[in-house]
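A closer look at the structure
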Amino acid sequence: MKRPPLVFLKLGGSLLGDKSKPRSFRAKTLGRIGAEIGSALKASPPISLLIGHGGGGAAHYPAKTYRTRDGLPGGGGWRGFAETRRGVLTMNTRVLKALAGADLHPILIPPVAGVLARNGKIKTWDTSVIEATLKAGQIPMIHGDVVIDKGQGFTICSTEALFDFLVESLEPARIVLASDVEGVYLESSSPVVGVETRPLRQGVEVIKTITPANRTAVRRAMKQSGVKHGSKRVYDVTGGMVAKVEHLAAMNRRHPKLETQIISGLVPGAVEAALRGETVGTVIA
Ligand SMILES: Nc1ncnc2c1ncn2[C@@H]1O[C@H](COP(=O)(O)OP(=O)(O)OP(=O)(O)O)[C@@H](O)[C@H]1O
Ligand SMILES: [Mg+2]
């Protein structure tokens with residue numbers, strides 16, 4: 001039996017809590033988002049859903065301390081692997097509990113148990129368990145994780161890198177990345193030629209669409225930007241917003257029909273609207 005069109009939804013670490021604080025978690029926000037996901041799943045036309053969640057402060061903090069993403073050459077050794085993994089587990093429990101409060105019960109499938117990487121890149125991952133979970137009408141949930149790496153001992157795979165891999169076998173129709181910012185921001189004082197924006201607040205605009213034609217200019221502007229966005233001190237060990245855009249652009253190049261956007265889960269209703277196919281944030285086309 002064919003399943004309904006699949007949507008990948010990432011609940012980013014910056015949405016789950018303040019990433020600079022290992023203990024920060026927005027349980028109420030997650031509960032509200034759980035309810036939004038529930039109503040999107042009841043709406044028509046039907047969709048199937050795979051959720052991914054970020055590591056948040058609980059995982060980024062040890063990952064930064066031990067330079068876990070670099071594996072053994074990072075110097076933190078297997079203790080860094082273990083501590084980062086414990087942070088991931090803490091986040092798993094928090095997310096599952098908050099979603100359960102909204103009567104949403106995804107099935108947690110930890111990447112560490114299946115992914116094999118080499119020098120920071122995912123090489124193999126048997127996705128038949130995820131596929132079977134979807135076929136059973138359930139919601140598989142994956143997350144950014146520490147994984148075994150045949151070149152450097154271990155590494156960290158972001159949710160975006162995992163989505164990038166899963167796109168090939170699961171063929172989603174849509175990817176929605178929800179974090180604490182309403183899309184990709186630009187400073188109003190340095191507009192980029194060929195980029196349409198909508199004003200957000202004093203001095204800051206949200207890019208409507210990133211295309212192959214304006215991508216390089218946007219990337220340059222993002223790297224130079226002095227605007228403070230979202231969380232004050234950004235803790236991200238896997239490349240942050242620039243990497244998010246790169247991953248979505250790469251997936252789009254391979255699958256031109258794939259709809260992808262970056263939204264803020266802090267805006268009530270945005271997750272539900274995006275799951276239903278509406279444009280609310282920055283589209284990567
Ligand atoms: N030009 C920009 N526009 C918007 N956000 C930006 C920009 N440059 C940097 N950022 C930062 O990128 C962050 C989002 O990337 P981040 O990787 O932290 O997201 P996440 O997916 O929520 O977290 P995680 O990767 O831990 O799951 C925002 O909180 C913001 O601080
Ligand atoms: Mg990130």
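See the structure shown above.
Read on for an overview of the structure. (Residues numbered from 1 in each chain as written. Chains lettered and ligands numbered in written order. Predicted model: local features only at pLDDT ≥ 70, side-chain atom pairs only at ≥ 80, totals over all residues. Heavy atoms only, no water.)

1. Topic: the overall build of the protein chain
- For the protein chain, the helix and strand inventory stands at 9 helices and 15 strands.
- Radius of gyration (C-alpha) of the protein chain: 18 Å, near the 19 Å computed for a compact globule of 285 residues.
- Seen through its principal axes, the protein chain has C-alpha atoms that stretch 45 × 45 × 35 Å.
- Residue burial in the protein chain is summarised as follows: out of 285 residues, 54% are buried.
- Long-range contacts, defined here as pairs at least 24 residues apart, represent 72% of the contacts in the protein chain between residues at least 6 apart.
- Of the side chains in the protein chain, 39 bear a positive and 23 a negative charge, and the two mean positions are spaced by 4 Å. (Helix = DSSP H or I, 4+ residues; strand = E, 2+ residues; numbered from the N terminus. Rg over C-alpha atoms; globule rule 2.2 N^0.38 Å. Buried < 20%, exposed > 50% of the residue type's maximum accessible area, 1.4 Å probe, protein only. Contact = heavy atoms within 4.5 Å. Lys, Arg positive; Asp, Glu negative; His and termini not counted. Charge placed at Lys NZ, Arg CZ, Asp CG, Glu CD.)

2. Digging into the site of ligand 1
- What surrounds ligand 1 is a group of 22 residues, the closest being S14, K19, D180, D236 and K244.
- Within the backbone of G13, one N or O atom sits 2.7 Å away from an oxygen atom of ligand 1.
- A distance of 2.5 Å is found between an oxygen atom of ligand 1 and a side-chain nitrogen or oxygen belonging to K244.
- Considering ligand 1 on its own, with 630 Å² of exposed area, one finds that the protein chains cover 93% of that surface.
- Those elements that provide at least two residues to the shell around ligand 1 are α1 (13-16) and α8 (240-254).
- Of the residues that constitute the shell around ligand 1, the class distribution is 6 nonpolar, 10 polar and 6 charged. (Near = heavy atom within 4 Å. Polar contact = N/O pair within 3.5 Å; in protein donor to acceptor, adjacent residues only side chain to side chain. Areas by Shrake-Rupley, 256 points an atom, 1.4 Å probe, with all protein chains shown as cover. Nonpolar A, V, L, I, M, F, W, Y, C, P; charged D, E, K, R; others polar.)

3. A few points about unusual backbone geometry
- Following S44, the chain continues to P45 via a peptide bond in cis, the omega torsion being 0 degrees.
- Among the structural elements, P45 can be located in the loop between α2 (27-42) and β2 (48-53).
- At R67, a position not held by glycine, the phi torsion is positive, near 50 degrees.
- The phi angle at D103 is positive, at roughly 60 degrees, despite the residue not being glycine.
- Locating D103 in the fold gives a position in the loop between α4 (77-100) and β3 (107-108).

4. With respect to the side chain of S48
- Examined against the element boundaries, S48 turns out to sit in strand β2.
- From its side chain, S48 meets the backbone oxygen of P4 in a polar contact 2.6 Å long.
- Residues within four places of S48 in sequence aside, it is in contact with R3, P4, P5, L6, V7 and L134.

5. With respect to the environment of V242
- Turning to its location among the elements, V242 is positioned in helix α8.
- V242 gets classed as buried once you look at its relative accessible area, which sits at 18%.
- Taking the C-alpha atoms as reference points, V242 and R220, 22 residues apart in sequence, are found 9.7 Å from one another.
- Apart from residues lying up to four places away in sequence, V242 is in contact with R219, M222 and K223.

6. Overview of the nonpolar core
- Within the largest apolar cluster, 38 residues are counted, with the highest numbers of intra-cluster contacts made by F8, L50, I130 and I175.
- At the level of elements, β1 (6-11), α5 (128-135), α6 (159-170), β9 (174-179), α7 (215-224) and α8 are the ones that each hand at least two residues to this core.
- It is α6 that provides the largest number of residues to this core, a total of 6 residues.
- The contact partners of F8, leaving out residues within four places of it in the chain, are L50, F163, L166, V167, L170, P172, R174, I175 and V176.
- Core analysis: the next-biggest nonpolar cluster, separate from the first, contains 27 residues, M141, A178, A274 and L275 among them. (Core = buried A, V, L, I, M, F, W, Y, C linked by side-chain atoms within 4.5 Å.)

7. Describing the packing of helix α3 (residues 56-66) against α4
- Where α3 meets α4, the closest approach of the two axes is 7 Å, and the angle between their N-to-C directions is 170 degrees. Here α3 is positioned roughly antiparallel relative to α4, judged by the angle of their axes. Across from G56, A58, A59, P62, A63 and Y66 in α3, the residues of α4 making contact are R79, G80, E83, T84, G87, V88, T90, M91 and R94.
- Here the contact of α3 with α4 is built from residues that sort into 7 nonpolar, 5 polar and 3 charged. (Axes fitted to C-alpha atoms, helices over the stretch in contact; angles between N-to-C directions. Parallel < 35°, antiparallel > 145°, perpendicular 65-115°, else oblique.)

So far we have only geometry, and geometry alone does not tell us how the molecule works.
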